[in-house]
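Results of the structural survey
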Amino acid sequence: MKKVSNILTAVLIICCGLAFPAAAQTLTASVNRPEVPQGEVVMLSLEYAGHHTDEKPDLSVLQPKFNIFSMGQEFQNIYDNGKNYQAQTWNIGLMPKGTGKIIIPSIRLGKLSSQPVEINVVPATAAVSQNTPDAPRYAMKAEIDTASPFVQQEVNLTVTIFDAGSLQGGAPYFDAQNDWNILALGEPELESKVINGRSVRLIKFKYALFPQKSGRLTVPSAKFDGYYLTGRRRADPIQQLLDRQFGDMGLSFADLSATRHPVFLTTEPIEVDVKPAAADFQWWIPAEKLEIFSQWEPSPPVFKAGEAVSRNISIKAVGVADNQLPDLTFSDSGNLKQYPEKPVSENRIENGKVAAVKNIKNVYIPAKPGKNIIPEVRIDWYNVKTGKKETARLPEMEIMVLPGLSVSENVSAGNDIPAAGFSPSVSDVSQPLADASGETQQQAVNVYLWATLSFFAGVFVCYLLFALSRREKKAEKTGSSAYYGEVVKYARHKDLRALRDSIIFWARNKYQDDSITNFKDIFRYCHNPDFVKELEGLSALMYAPQKKNWNEKLFIDAFIRANKDKPHIHEEQKPLPDLYD
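These remarks concern the structure in this document. (Residues numbered from 1 in each chain as written. Predicted model: local features only at pLDDT ≥ 70, side-chain atom pairs only at ≥ 80, totals over all residues. Heavy atoms only, no water.)

So, the overall build of the protein chain
Heads up, the rule is: Secondary structure counts use DSSP, requiring at least four H or I residues in a row for a helix and at least two E residues in a row for a strand, with both numbered from the N terminus. Exposed residues in this analysis have more than 50% of their type's maximum accessible area, buried residues have under 20%, and partly exposed residues fall in between, with area computed by a 1.4 Å probe over protein chains only. Only the protein chains shown count as cover for residues, and the accessible areas themselves come from Shrake-Rupley with a 1.4 Å probe.
Scanning the protein chain from N- to C-terminus turns up 11 helices and 29 strands. Out of the 581 residues belonging to the protein chain, those deemed buried represent 36%. A total of about 34300 Å² of accessible surface is found on the protein chain, and carbon and sulfur atoms cover 54% of it.

With respect to the pattern of salt bridges
Keep this limit in mind: Salt bridges are counted wherever a side-chain nitrogen of Lys or Arg sits within 4 Å of a carboxyl oxygen of Asp or Glu.
Within this structure, the stated rule accounts for 28 salt bridges. Put simply, Asp145 and Lys353 hold a salt bridge, and the shortest N to O gap is 3.7 Å. Residue Asp145 is located in the loop between strand S10 (138–144) and strand S11 (155–163), and its partner Lys353 is located in strand S25 (residues 353–366); the two are separated by 208 residues in the primary sequence. Judged by relative accessible area, which is 44%, Asp145 ranks as partly exposed.

Some thoughts on the sheet that holds strand S17 (residues 223–230)
Formally: Two strands form a pair only when DSSP identifies at least two bridges running between them.
An order of S12-S17-S18 is seen for the three strands of this open sheet, with the pairing classed as antiparallel. At either margin of the open sheet sits one strand with a lone partner, and together these are strand S12 (168–169) and strand S18 (259–266). As judged from the two bridges shared by S12 and S17, these two strands associate in the antiparallel manner. Bridge pairing in S17 places Gly169 opposite Gly226.

A short note on the side chain of Asp513
Threshold: Side-chain atoms alone can form a polar contact between residues adjacent in sequence; in general such a contact is a pair of N or O atoms within 3.5 Å, and within protein one must be able to donate a hydrogen while the other accepts it. Should any heavy atoms of two residues lie within 4.5 Å, those residues are considered in contact.
In this fold, Asp513 is placed in the loop between helix H8 (496–511) and helix H9 (519–523). A polar side-chain atom of Asp513 sits 3.3 Å from a polar atom in the side chain of Arg524. Here the side chain of Asp513 touches Tyr525 through a polar contact of 2.5 Å, side chain to side chain. Those residues within four positions of Asp513 in sequence are excluded, and the remaining contacts are Arg508, Arg524 and Tyr525.

Concerning the nonpolar core
Generally speaking, a soluble globular protein has its nonpolar side chains buried in company with each other. Just so we agree on the cut-off: We define a nonpolar core as any set of buried Ala, Val, Leu, Ile, Met, Phe, Trp, Tyr and Cys residues linked to one another through side-chain atoms lying within 4.5 Å.
Counting 59 residues, the largest nonpolar core has Leu499, Ile503, Ile522, Phe531 and Phe555 as the members making the most contacts within it. Looking at this core, the element that brings in the most residues is H8, giving eight residues. If near-sequence neighbours (up to four positions away) are discounted, Ile522 is found in contact with Ile503, Ala507, Tyr511, Ile516 and Leu535. By size, the runner-up hydrophobic cluster in this structure holds 21 residues, among which are Leu44, Tyr48, Ile92 and Ile102.

Thoughts on the packing of aromatic side chains
Selection criterion: Stacked, tilted and edge-to-face are the three classes assigned to paired rings of Phe, Tyr and Trp, where Trp is represented by its six-membered ring and a pair needs centres within 6.5 Å; plane angles under 30 degrees give stacked, over 60 edge-to-face, the rest tilted. Comment: the charge-over-ring label is applied if NZ (Lys) or CZ (Arg) is within 6 Å of the ring centre and within 35 degrees of the ring normal.
Taken as a whole, this structure holds 18 aromatic pairs when the rule is applied. Judged by centre distance (5.4 Å) and plane angle (25°), the ring pair of Tyr484 and Phe559 falls under stacked. Placement of Tyr484 in helix H7 (residues 484–493) and of Phe559 in helix H11 (residues 552–564) is noted, with a sequence separation of 75 residues between them. By relative accessible area, Phe559 is classed as buried at 0%. Arranged with centres 6.5 Å apart and planes meeting at 0°, the rings of Phe555 and Phe559 form a pair that is stacked. Of this pair, Phe555 and Phe559 are both found in helix H11, four residues apart, which corresponds to roughly one turn of the helix. Overall, Phe555 belongs to the buried group, its relative accessible area being 0%. Put simply, the rings of Tyr484, Trp506, Tyr511, Tyr525, Phe531, Trp550, Phe555 and Phe559 pair up and form one aromatic cluster. The residue whose ring lies beneath Lys275 is Phe150, and the NZ or CZ to ring-centre distance is 4.1 Å. The positively charged end of Lys389 is found above the aromatic ring belonging to Phe281, 5.1 Å away from the centroid.

Right, dumping it as structure tokens:
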């Protein structure tokens, strides 16, 4: 039996050798397109044919010139002319690191090697300007307002994304930076332009950057991770009907059949020369404007021995962050004790600049009557506009402290303080009680009249609310905005970038104003406090350095109520004043 088994094994080995000839092994490389815009992915396909192998392609040769974005593998058994062999395909998504002619090098698989493949990476700005159909092109660039700032001076960075084909994704982001402090300057601005006969959407994001050391520094590159879809069949009437029926639930049947193509954009590095702080400053504040002012409680203040008087001191500087404002020191002056509370600071955005504000509450308690001095408060700062040192101050004050009142002083002043054991007689209080009884009856009549009027007013208000509710429900059935479903869909998907755009288009349609480009423009028309609060929270979330959880249900509920509100459109309506003027 052992001899027979050996014979069968030998026969099987011979058959396998005939079925998988060594000469049939091949490894071929190809790309899905020879020319790719910068920031988009090119798909490299490695096709192997031959006997089964557990070898993996060596992709380390790709790392110097490419980022490997994705990788997939396919298997197929093929029978051809009486021979069996296996086909394997590795689909590798590559993101080129440079531009121009780039060679995808030969890749090894065991003893096999693929042929090199040449691709042409077109610079992003040139790709956007091309007018080629069915080929979405995208780009992102950065600009700064000054190339020679002082250390800790505000540098305004504008990041512009050029979208020529339904780009999707979040806001740009920056890698962790030790040399820069980065703050977002509000929400982005939308603009449409025609470039070389092609419609391009421009999305502008603005940031305030503060260099933390002097010398030659590189402005941190902004990065964007996104995608675009191809292969959606929007012309299918059945598909459109399903999208209309289930769009509010966040379902898009057209997107299910689409192919998602990743897009990665980054801005070019920008070099700046950061000047050091001036030597004659105890605390360095390079600002465009700095003010210090105060308010007394009570106003005007009245100082009495042993009694507290509060002073709220505020520092406001334009062009620096709040952590650059100094901590004020308060020392006792003569018989005047001072008790400053912990400062509260914040960053605001005014006219496209960071405005840092610090509030300090200081409590003064004089020890005894007489004249006293409240010392001067001064802050030296550097004016980056004039290039000069300036000083903001609260001048020294001379005050007169009055004696504090005691119980004996109250008595001597004629105040009626009952002596211990004093008890008024009935005759002393009978007349006031009688007067009080009459007043009580009159008050009861007044209360009855007010209650009656309030009842009928409540009935009338309920009727009005019922009538308005029916009217709103009727308006809701007919649909108040063509973009309503898009807003709800993107909110449920938590696609904040697409949600922001759809909100803006919804507002343009609802309020009949094509000049609306951001949330601040919407606030001119929308007076729903819940929706305004949700928009402010959404704006803060989109540009926060660390993303937090977002409650899309609260947003959708507030949006539904705002959508029902009747638009407040006035021909001569003026924009709201600046929030922090």
